Amino acid sequence: MAHYQGLIHRYHDRLPVTVSTPIISLNEGNTPLIELVNLPKQLGYDGRILAKFEGLNPTGSFKDRGMTMAVTKAVEAGSRAIICASTGNTSASAAAYAARAGMTCFVLIPEGKIALGKLAQAMMHGSVVIQIEGNFDDGMRLVQEIASEMPVALVNSVNPYRLQGQKTIAFEVIDALGDAPDYHVLPVGNAGNISAHWMGYSESVCQQTKACGLCNGQCPYHGAASATHRPVMLGYQAAGSAPFMRGGPVANPDTIATAIRIGNPMSWNLAWAAVKESGGWFDECTDAEILAAQKLLAQSEGIFCEPSSATSLAGLIKDLARGKIKPGGTIVATLTGHGLKDPDTAIAQSEAPYKVSADRTAIGALIQRYL
Ligand SMILES: *Cc1c(COP(=O)(O)O)cnc(C)c1O
């Protein structure tokens, strides 16, 4: 295959671009779909569980999928500056793609509740970082007002091009598996991503299936990234920040999973539609369950995702234990961001390193304890 050049290039025929669209890309997408080899057995599941590791995107989260589209379209429309509110990853991604495009980038972030790696990225890529005395939902309201009055393009997921880019994750999963999985699990914050997953899966159902309802995946109409069905969508929230479980906005969302610390999700209706049409559901996980899942994944499979991302697994563990998942199927879990984004949380929940003298005997005695 030719040099991979990013998801717009790869899926241009399914995205709102033309041959003259100036593509701004960092070769995002094409992330690995990693088969979990130890956890299914540990969790007593006889089917397959695969992790779509979005932490391996250029800035370390799935936000790059939407940002390549949003920034590309902003450039195409002649914008010189972009703005977003962010819990961290959107700002990191917007800052990187704006740098690539030679644009000015403004990011509004909640004071004090942003993971260290994400802040470093926004700063390093030269964006104008504005910490507000408020949370994400306050920032979201403010950037919408500002973008409607000033010459700056809004690149939060209310920008429809974000979801267009993000839907490509479903195409990649189908390309890798040859069909859609039975279940797709992911964390839900502002709810753009679950909506985009569903859009991607819905657009991939083989036209022949729609026409005759009999697709076996082998008909001549069944092209690349075509599926015979759509997965059941399961969206998991953090308990302290679970508006979909409460039935409406949450005033003061709080969770260690800062990327999903959002009380008033913008894609409310789209996310509900995804869950209902797919026969899925929402559920919530405590911070303790989220951190335990993050550690379990890191120590059982060698995959280090950030706390918000581990909500996928935390929720799945509960649903498997309750018998809500049918046996023998294929489950894909989106791991939305890389663990290195939030080193503070990782270190805080781990054993401190041993301190010993630089002495062969002392170190040998320590090692002996583990053998
Ligand atoms: C943005 C983000 C989410 C939440 O995605 P939404 O589209 O806002 O629901 C989850 N995890 C990580 C790591 C994120 O950056």
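Residues numbered from 1 in each chain as written. Predicted model: local features only at pLDDT ≥ 70, side-chain atom pairs only at ≥ 80, totals over all residues. Heavy atoms only, no water.

(A) A look at the sheet that holds strand β4 (residues 104–110). The strand order across the open sheet formed by 4 strands is β5-β4-β3-β6, and the pairing between neighbours is parallel. The open sheet has two free edges, formed respectively by β5 (128–132) and β6 (153–154), since each of these has just one partner strand. Relative to β6, strand β3 (residues 81–85) is paired through 2 bridges, and the arrangement is parallel. Note that in β6 the partner of isoleucine 83 across the bridge is leucine 154. Across the sheet, helix α6 (residues 136–149) touches β3, β4, β5 and β6, and the angle it forms with β3 is around 150°. (Pairing = 2+ DSSP bridges. Helix = DSSP H or I, 4+ residues; strand = E, 2+ residues; numbered from the N terminus. Contact = heavy atoms within 4.5 Å. Axes fitted to C-alpha atoms, helices over the stretch in contact; angles between N-to-C directions.)

(B) A look at helix α3 (residues 63–76). Along its 14 residues, α3 runs 20 Å from first to last C-alpha, staying within 8% of the 20 Å computed at 1.5 Å per residue. Counting buried positions along α3 gives 12 out of 14 residues, so the element sits mostly inside the fold. Of all the positions in α3, only Lys63, Asp64, Arg65, Gly66, Met67, Thr68, Met69, Ala70, Val71, Thr72, Lys73 and Ala74 are classed as buried. Looking at the residues trailing α3, positive phi occurs at glycine 78, about 90°. (Expected span 1.5 Å × (residues − 1). Buried < 20%, exposed > 50% of the residue type's maximum accessible area, 1.4 Å probe, protein only.)

(C) Region of the structure containing the pairing of β4. The element β4 is largely enclosed, with a buried count of 5 among its 7 residues. In this view, the connection linking β3 to its parallel neighbour β4 by way of helix α4 (residues 89–101) has right-handed handedness. Each parallel crossover has a hand, and the one from β4 via helix α5 (residues 116–124) to β5 is right-handed. (Right-handed = clockwise from strand over helix to strand, strands pointing away.)

(D) Structural context of the side chain of glutamate 28. Here glutamate 28 lies in the loop between α1 (7–10) and β1 (33–35). Despite its burial, glutamate 28 pairs with no opposite charge; the closest candidate is arginine 100, at 7.5 Å N-O. In terms of polar contacts, glutamate 28 uses its side chain to reach the backbone amide nitrogen of leucine 7, at 3.4 Å. A distance of 2.9 Å separates polar atoms of two side chains, one belonging to glutamate 28 and the other to serine 25. (Lys, Arg positive; Asp, Glu negative; His and termini not counted. Salt bridge = Lys/Arg side-chain N within 4 Å of Asp/Glu carboxyl O. Polar contact = N/O pair within 3.5 Å; in protein donor to acceptor, adjacent residues only side chain to side chain.)

(E) Looking closely at the packing of helix α8 (residues 168–177) against helix α9 (residues 192–204). Direction vectors running N to C along α8 and α9 enclose 55°, while the axes themselves pass 7 Å from each other. On the basis of their axis angle, the class for α8 and α9 is oblique. As for how α8 packs across α9, the hand of that crossing is right-handed. Contacts between α8 and α9 involve Ile169, Ala170, Phe171, Val173 and Ile174 on the former and, on the latter, His197, Gly200, Tyr201, Glu203 and Ser204. (Parallel < 35°, antiparallel > 145°, perpendicular 65-115°, else oblique. Left-handed = near helix turned anticlockwise from the far one by under 90°.)

(F) Expanded view of the nonpolar core. By size, the foremost hydrophobic cluster in this structure holds 30 residues, and its most contacted members are Leu234, Leu297, Ile325 and Ile331. Looking at this core, the elements that each hand over two or more residues are β2 (48–53), β7 (183–187), β8 (232–238), β9 (281–285), α13 (287–301), α14 (307–321) and β10 (330–335). Sorting elements by how many residues they give to this core places α14 first, with 5 residues. Setting aside residues no more than four positions away along its own chain, isoleucine 325 makes contact with Tyr45, Tyr183, Leu234, Trp281, Leu316, Asp319, Leu320 and Ile331. Residues Ala74, Cys84, Tyr97 and Met103 belong to the second largest nonpolar core, which totals 20 residues. (Core = buried A, V, L, I, M, F, W, Y, C linked by side-chain atoms within 4.5 Å.)

(G) Here's a closer look at the site of the ligand. Taken together, 17 residues surround the ligand, and among them Lys63, Asn89, Asn190, Ala191 and Thr336 come closest. Contacts to the ligand include asparagine 89, whose side-chain N or O atom sits 2.7 Å from an oxygen atom. One nitrogen or oxygen atom from the side chain of threonine 336 is found 2.7 Å from a nitrogen atom belonging to the ligand. Look at the ligand: alone it shows 380 Å² of surface, and the protein chains cover 97% of it. At the level of secondary structure, the elements contributing two or more residues to the shell around the ligand comprise α9 and α14. (Near = heavy atom within 4 Å. Areas by Shrake-Rupley, 256 points an atom, 1.4 Å probe, with all protein chains shown as cover.)

(H) Quick look at the packing of α9 against helix α12 (residues 268–278). Look at α9 against α12: their axes get within 8 Å of each other, and the N-to-C directions meet at 50°. With respect to their mutual orientation, α9 and α12 come out oblique. Note on packing geometry: the crossing formed by α9 with α12 is left-handed. Within the contact between the two elements, α9 uses Ile194, Ser195 and Trp198 and α12 uses Leu270, Ala271, Ala273, Ala274, Val275, Glu277 and Ser278. By residue class, the composition of the contact of α9 with α12 is 7 nonpolar, 2 polar and 1 charged. (Nonpolar A, V, L, I, M, F, W, Y, C, P; charged D, E, K, R; others polar.)

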